[in-house]
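What the coordinates show
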Amino acid sequence: MNYLDLDINLNEDDIALRQSAHRFAKEVMRPIAKELDEMTPEQVIAKDSPFWTFMKKAYELGYHKIYIPDTYGGLDLTPLQQAIIMEELAWGSVGLTVGLGVAGFFAFGGTLTGEDYLVDNFVTPFCECTDASIVGCWGITEPDHGSDTVMPGHPIFSDPNIKGQCRAKLDGDEYVINGQKAAWVSMGTVATHCFLFCQMDPSMGFAGSGIFTIPLDLPGVSKGAPLNKIGQRDLNQGEIFFDNVRVPKDCLIVGPEAYEVFLETTLSLTTASMGLYSIGIARAAMEEALEYAKNRIQGGKPLIEYPNVQMKLFEMFRKVETTRLMSRAAWNYNMNNTESAEEYSIIAKVHGTQSAYEVAHEAIQIFGGNGLSKEYLIEKLFRDARAMLIEDGSNDTLAISAGHKFIQTYPRMNDLT
Ligand SMILES: Cc1cc2nc3c(=O)[nH]c(=O)nc-3n(C[C@H](O)[C@H](O)[C@H](O)COP(=O)(O)OP(=O)(O)OC[C@H]3O[C@@H](n4cnc5c(N)ncnc54)[C@H](O)[C@@H]3O)c2cc1C
């Protein structure tokens, strides 16, 4: 792998990490993702599926705990190193990378509070896991609530008329959880644990919610069928139902008193990570188009000699490079700052996913009819990139949310802590 990284501060460790992540993406993720793409959602998660080969190898290499500090058993990577790994893995497959990312978020959430109960029961076992037998998911959206669950700071978020479909009530030393999460929960049907968002004080709208880290083998938990969809078919998704599920009080990470701020902090990381994944998939599509344009002869010469094709390739290159700059900056800022700047992460997500989609779309144009054929990777990259415009918040509503924040908070002061 040989491309110029404009960050002149990359050291030998960063480059070695990039090379090993790229090798894993190329040798393990690409072939497995292609196989999974052609399977039914049920086949994808079957015991003997290559999905589990990927998961086990990723856990063996520690890619499931790249966000977790070494004090908790994680890898102690710098934000730049995390960003580099995310880009490379998403080059291999964005669906598998998203799945691996959500798999560890319940443990990462535990490190944000550092409470002994959460660390002993969830964080440490997850970090010690090398066989993918502990897999988390992130359950926030509900059948009737998508965008409105991910708009902290916006007036919609505190509207008391909006009633959540998954609620938690305190009963003695336990919370009782009832309701369900959407069919879109990534890793929903394979997860052993959930980073679960529940409404607790409906008079505050979604702002009156809380987040729990819970195991999913408790009485009263059930799951739906794995979701069938056009893109990111290698990412398992599905509903989770809760029927009088009792969890110890200590499973609560944050309640209504600090939920909105905590969610903003969390989303400032997840949306920035979507920007980082966008670089990988956009770069993959650009490279496919470049290689194809060099080899396809039309009108007696390779496509690459035509100025319109050169122009398209430059536009792809521009989008990949600007996505990397913005996404790394938003990730680095929000990983280092106690007061998050979510609107910058939303720029990274909206710009990055839109760019990845446009790059894949234009790449298909360069491929001509072959771009529509299952024989070439590019049609899969296009379908996977399309899903990203909705994943982790629809770009439309994220823009509304970030626009609201920008108007209220601009100009911000530089306040690194
Ligand atoms: C690949 C993928 C992975 C996902 N992973 C997870 C996961 O791990 N966990 C999880 O909980 N969820 C997950 N989701 C769900 C995702 O977060 C939601 O799909 C997303 O937030 C949009 O919600 P929705 O689909 O219900 O669309 P809706 O909220 O119904 O919005 C549809 C459209 O309506 C418009 N709209 C909606 N609200 C407004 C508004 N207030 N103002 C103006 N226009 C509006 C926008 O144009 C929007 O695009 C995933 C989704 C995808 C596609």
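Our subject is the structure that appears above.
Residues numbered from 1 in each chain as written. Predicted model: local features only at pLDDT ≥ 70, side-chain atom pairs only at ≥ 80, totals over all residues. Heavy atoms only, no water.

**Remarks on the side chain of Glu 264**
Tracing the chain through its elements places Glu 264 in helix α8 (residues 259-295). As a buried residue without a salt bridge, Glu 264 has its nearest oppositely charged side chain in Lys 405, at a separation of 4.3 Å. In this structure, Glu 264 is in contact with Pro 152, Gly 153, Ser 340, Glu 342 and Lys 405, ignoring residues within four places of it in sequence. (Helix = DSSP H or I, 4+ residues; strand = E, 2+ residues; numbered from the N terminus. Buried < 20%, exposed > 50% of the residue type's maximum accessible area, 1.4 Å probe, protein only. Lys, Arg positive; Asp, Glu negative; His and termini not counted. Salt bridge = Lys/Arg side-chain N within 4 Å of Asp/Glu carboxyl O. Contact = heavy atoms within 4.5 Å.)

**Some details on the site of the ligand**
Close contacts around the ligand come from 20 residues, with Trp 138, Ser 147, Ser 186, Ser 394 and Asp 396 the closest. Between a nitrogen atom of the ligand and a side-chain N or O atom of Ser 186, the distance comes to 2.8 Å. Contacts to the ligand include Ser 394, whose side-chain N or O atom sits 2.6 Å from an oxygen atom. Against a free-state accessible area of 970 Å², the protein chains account for coverage of 70% of the ligand. When contributions to the shell around the ligand are tallied by element, the ones reaching two or more residues are β1 (136-139) and α12 (395-409). By residue number, the principal contributor to the shell around the ligand is α12, which donates three residues. Considered class by class, the residues forming the shell around the ligand number seven nonpolar, 10 polar and three charged. Both of domain 2 (138-256) and domain 3 (260-409) provide at least three residues apiece to the shell around the ligand. (Near = heavy atom within 4 Å. Polar contact = N/O pair within 3.5 Å; in protein donor to acceptor, adjacent residues only side chain to side chain. Areas by Shrake-Rupley, 256 points an atom, 1.4 Å probe, with all protein chains shown as cover. Nonpolar A, V, L, I, M, F, W, Y, C, P; charged D, E, K, R; others polar. Domains from an automatic or database assignment.)

**Overview of the environment of Gly 99**
For Gly 99, the location among the structural elements is in helix α5 (residues 94-103). A relative accessible area of 1% places Gly 99 in the buried class. For Gly 99 and Arg 283, which are 184 residues apart along the polypeptide, the C-alpha to C-alpha distance reads 20 Å. Not counting the four nearest positions on each side in its chain, Gly 99 is found in contact with Met 187 and Leu 235.

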